[in-house]
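# Coordinate analysis (summary)
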Amino acid sequence: MTREPGQQTWARKEAAPLSEAAFTLLVQGVLDYGIFMLDPQGYIISWNAGAERIKGYRAADILGQHFSVFYPPEDQSSGKPQWELETAVADGRLEDEGWRVRQDGSRFWANVVITPLWDEKGVLQGFGKVTRDMSERRAAQHALSERRRLFDHLVQAQETERRRIAWDVHDDSIQTMVAAAMRLELLAERVPEPYSAELQRLDASVREAIGRLRSLTFRLHPPGIDRHGLVEGLSSHLDDVLGSWGMPYAFEHQLDREPTPETAITIFRIVQEALLNVYKHARATRVDVRITSADGGIVTRVVDDGTGAPAARDGARDHFGVIEMRERAETAGGWWSMHSRPGTGTTVEFWVPNPLPLPSPASPSASTDEAP
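Predicted model, so just to flag it, every value in this text is computed and none were measured. (Residues numbered from 1 in each chain as written. Predicted model: local features only at pLDDT ≥ 70, side-chain atom pairs only at ≥ 80, totals over all residues. Heavy atoms only, no water.)

## Overview of the sheet that holds strand β1 (residues 34–38)
Spatially, the four strands line up as an open sheet ordered β1-β4-β3-β2, and their pairing is antiparallel. The sheet is open, and its two edges are formed by β1 and β2 (94–101), each paired on a single side. Averaged over all pairs of adjacent strands, the angle between strand axes in this sheet comes to 30 degrees, irrespective of strand direction. Bridging between β2 and strand β3 (residues 107–118) involves eight bridges; their strand directions are antiparallel. The residue of β3 that forms the bridge with Glu-97 is Asn-111. (Pairing = 2+ DSSP bridges. Helix = DSSP H or I, 4+ residues; strand = E, 2+ residues; numbered from the N terminus. Axes fitted to C-alpha atoms, helices over the stretch in contact; angles between N-to-C directions.)

This is how it looks when you write it as structure tokens:
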């Protein structure tokens, strides 16, 4: 295939390297990066528009000064600027993040790259320095970490309260009702008809109420999730609950790592509520549950083969269950959805992030770089 002469000329022009003057204009015009040069002793010999925007100095004010002026007093006194130059020479490059100081004295969080510049004879001519203002990103990371801490505290507080209520119901209400049922059974054996039959019916009602309360305490604090992790806890719950309903199920899991306790509890509670909705409304004969690592989090699907009733239920409690599932997922920083069509069943699907555990405040790895 042949090219037109104009196409060949265009290709040659595109391939032509930038002239030194054009390259200088390019560097000088960059606004998002502070790009400047230092002489071998660390004195500033060039300055671009990005450096002026980030650090606040005009070229006339900063040229000829030592670059240590950008460092906080504690870094200057520790000799960090000189150490960074020596490390860049020894390693061929240095990258660092830390506090830097603007002309007005305010601090900002910077990403800094220092590169030694050598001539063709191997003589050090100076350093190239590139600075990025990372303050907004760091603030966003801190906000995310704080949100995670608040979320973790919320989940822990909810689970503690659920556990307390479950214990109170089990140790107080259920035990009192069991004693009452035993008394009713004993009285029914001693009194004549028709009182005996009436007492037996009352005894049966009390025992049914005891069963419902025991089911409630199990839902409030099912065993396993806080001791054995998400997969084993869910597997045990499915065995207990769906087994008692006589409903076949499949459970698939593919996780690249165990989630944090708070993330595991969030997933468990949403699945628990979804299964309760299946039992109450779907008239299903089978349920499939799948949890999979994806996009830095965990996707969970609960699929039934029931009637595919609309998401809007006829009852405040049912509506609250749907709201609770969505709010749990969204509070965790994820999403939740329910897909349902009459005759094809219902799919509850949600994703929650699976971050690495936050370091404890006392952990040596916890960051202590805070602005004064």
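## Focus on the packing of aromatic side chains
If you walk through the whole model with that rule in mind, you get seven aromatic pairs. Aromatic pair Phe-36 and Trp-47: ring centres 5.0 Å apart, planes at 45 degrees, arrangement tilted. Of the two residues, Phe-36 is situated in strand β1 and Trp-47 in the loop between β1 and α3 (49–55); the sequence distance between them amounts to eleven residues. Grouping residues by exposure puts Phe-36 and Trp-47 together as buried. (Phe/Tyr/Trp six-rings, centres within 6.5 Å; stacked < 30°, edge-to-face > 60°. Buried < 20%, exposed > 50% of the residue type's maximum accessible area, 1.4 Å probe, protein only.)

## Some details on the pairing of strand β5 (residues 249–254)
Bridge count between β5 and strand β6 (residues 287–294): six bridges; the pairing is parallel. Bridging across to β6, Gln-254 finds its partner in Thr-292.

## Looking at the pairing of β1
Residues of β1 alternate between two faces, with Gly-34, Phe-36 and Leu-38 buried on one and Ile-35 and Met-37 left unburied on the opposite face. As defined by bridge partners, β1 adjoins strand β4 (residues 124–133) across five bridges and the pair is classed as antiparallel. From the neighbouring strand, Leu-38 faces β4, where its bridge partner is Phe-127.

## Let's talk about the sheet that holds strand β9 (residues 346–353)
Reading across from one edge, β5-β6-β7-β9-β8 is the order of the five strands in this open sheet, with mixed pairing throughout. Only two strands of the sheet have a single neighbouring strand rather than two, namely β5 and β8 (335–340). Pairwise comparison of adjacent strand axes, ignoring direction, gives a mean angle of 10 degrees for this sheet. The sheet contact formed by β6 and strand β7 (residues 297–304) spans eight bridges and is antiparallel. Across the sheet, Thr-292 pairs through a bridge with Val-299, a residue of β7. Sheet contacts for helix α10 (residues 230–245): β5 and β6; angle to β5, the most-contacted strand, approximately 175 degrees. (Contact = heavy atoms within 4.5 Å.)

## Overview of the pattern of salt bridges
Within this structure, the stated rule accounts for 13 salt bridges. Residues Arg-93 and Glu-95 are paired through a salt bridge, measuring 3.3 Å at the closest nitrogen-oxygen approach. Classification of Arg-93 as partly exposed rests on a relative accessible area of 44%. Between Glu-324 and Arg-328 there is a salt bridge, with its nearest N and O atoms 3.7 Å apart. Pair noted here: Glu-324 and Arg-328 are both in helix α12 (residues 316–331), with a separation of four residues, about one helical turn. Summarising the burial analysis for this pair, Glu-324 and Arg-328 share the class buried. Here the salt bridges share partners, and the residues they tie into one network are Lys-80, Glu-84, Asp-96 and Arg-100. (Salt bridge = Lys/Arg side-chain N within 4 Å of Asp/Glu carboxyl O.)

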